[in-house]
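Notes for the structure review
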Amino acid sequence: MSSNEDKVTVSLGAEYLYTLEFEVEDPILVPNGPNGSRAVFEFTKDTGKVYGPALNGRVVGPSSDWALVCTDGSVALDIQLLIQTEDEQTILQKVIGRSVRAGDNPSNGDLQTAATNETSSGKYQYLNNKVLTGVGRKTGNKIKVVYYDVQEKIDH
């Protein structure tokens, strides 16, 4: 048996960074692949925006989600998007995650994502070393995801 001295307590804190909103076109379907069916959603031009304390700007093309509807019915997200910041810097964001579709309307769903960013801009380079946690909602063709930087605090 271990003593209380061996126990580690972990608590998580989340810092709100920004919100991402955009719309998608109707998907191009690639049905019945070996892992399921692919639904490719191109982001609708001039609908994407990013806003919050860490980042403000717009989504530019090419940006899209190569979602996989797995054979078990789960939906895996595979997104790459470009963010043009309000100070004219470019950030590539890569997102993986899951979408749980609403039972009464599969056009709607809850989203859980992990995002990484790539940029050479000095102001935003700190994002290169973070994996952000996103939670959001898909309503029809409209998507809204709120991103957080989740940190842990370990007490021995």
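Residues numbered from 1 in each chain as written. Predicted model: local features only at pLDDT ≥ 70, side-chain atom pairs only at ≥ 80, totals over all residues. Heavy atoms only, no water.

**What to know about a nonpolar patch on the surface**
A contiguous nonpolar surface patch, about 340 Å² in accessible area, is contributed by Val 8, Val 10, Leu 12 and Val 150. Here Val 150 lies in strand β10 (residues 142-155). A relative accessible area of 35% means that Val 150 is categorised as partly exposed. (Patch = residues over 30% accessible without salt bridge, like charges linked within 9 Å, V, L, I, M, F, W, Y side chains within 5 Å. Areas by Shrake-Rupley, 256 points an atom, 1.4 Å probe, with all protein chains shown as cover. Salt bridge = Lys/Arg side-chain N within 4 Å of Asp/Glu carboxyl O. Helix = DSSP H or I, 4+ residues; strand = E, 2+ residues; numbered from the N terminus. Buried < 20%, exposed > 50% of the residue type's maximum accessible area, 1.4 Å probe, protein only.)

**Let's talk about the environment of Val 69**
Looking at the element boundaries, Val 69 is found in strand β5 (residues 57-70). You can call Val 69 partly exposed: its relative accessible area is 34%. For the pair Val 69 and Gly 36, spaced 33 residues apart in sequence, the C-alpha to C-alpha distance is 5.5 Å. In contact with Val 69, other than residues within four places in its own chain, are Asn 35, Gly 36, Ser 37, Ser 74 and Val 75. (Contact = heavy atoms within 4.5 Å.)

**Considerations on empty space enclosed by the protein**
Under the criterion given, the structure shown has one cavity of 30 Å³ or more. For the largest cavity, the calculated volume is near 160 Å³. As for the largest cavity, its lining consists of 17 residues, of which Phe 22, Asp 65, Ile 79, Leu 111 and Ile 143 are closest to the centre. Within the residue set of the lining of the largest cavity, elements represented by two or more residues are β1 (9-23), β6 (75-85), β7 (90-101), β8 (109-118) and β10. (1 Å grid on protein atoms, 1.4 Å probe; cavity = no way out; pocket = protein on both sides within 12 Å on 5 of 7 lines; lining within 4 Å. Points joined across faces, edges and corners; volume = space filled by probe spheres on them.)

**Notes on the side chain of Gln 93**
Mapped onto the elements of the fold, Gln 93 is located in strand β7. At a separation of 2.5 Å, a polar atom in the side chain of Gln 93 contacts the side chain of Tyr 18. For Gln 93, the side chain forms a polar contact with the side chain of Asn 117, separated by 3.4 Å. Beyond its immediate sequence surroundings of up to four residues, Gln 93 is in contact with Tyr 18, Leu 20, Ile 79, Gln 80, Leu 81, Ile 83, Ala 115, Thr 116, Asn 117 and Tyr 147. (Polar contact = N/O pair within 3.5 Å; in protein donor to acceptor, adjacent residues only side chain to side chain.)

**Some words on the pattern of salt bridges**
Tallying each qualifying case throughout the model produces four salt bridges. A salt bridge links Arg 137 to Asp 110; its shortest N-O distance comes to 3.1 Å. Of this pair, Arg 137 sits in strand β9 (residues 132-139) while Asp 110 sits in strand β8, and the two are 27 residues apart along the sequence. Note on Arg 137: relative accessible area 35%, which makes it partly exposed. Looking at Asp 110, the relative accessible area reads 44%, which means it is partly exposed.

**Considerations on unusual backbone geometry**
Of the consecutive residues Gly 61 and Pro 62, the connecting peptide bond is found in the cis state with omega at -5 degrees. Inspection of the secondary structure assignment puts Pro 62 in strand β5. The residue Asn 32 is not glycine, and still its phi comes out positive at about 55 degrees. In this fold, Asn 32 is placed in strand β2 (residues 28-33). The backbone of Asp 46 sits at a positive phi, close to 65 degrees, despite the residue not being glycine. Since its relative accessible area comes to 64%, Asp 46 is described here as exposed.

**Some words on the confidence of the model for the protein chain**
In regions of low pLDDT, the predicted coordinates are not meant to be interpreted in detail. Looking at the protein chain, the pLDDT average stands at 92 and 95% of residues meet or exceed 70. Taken element by element, the predicted model of the protein chain shows its lowest mean pLDDT in β10 (88) and its highest in strand β4 (residues 49-51) (98). (pLDDT = per-residue confidence, 0-100.)

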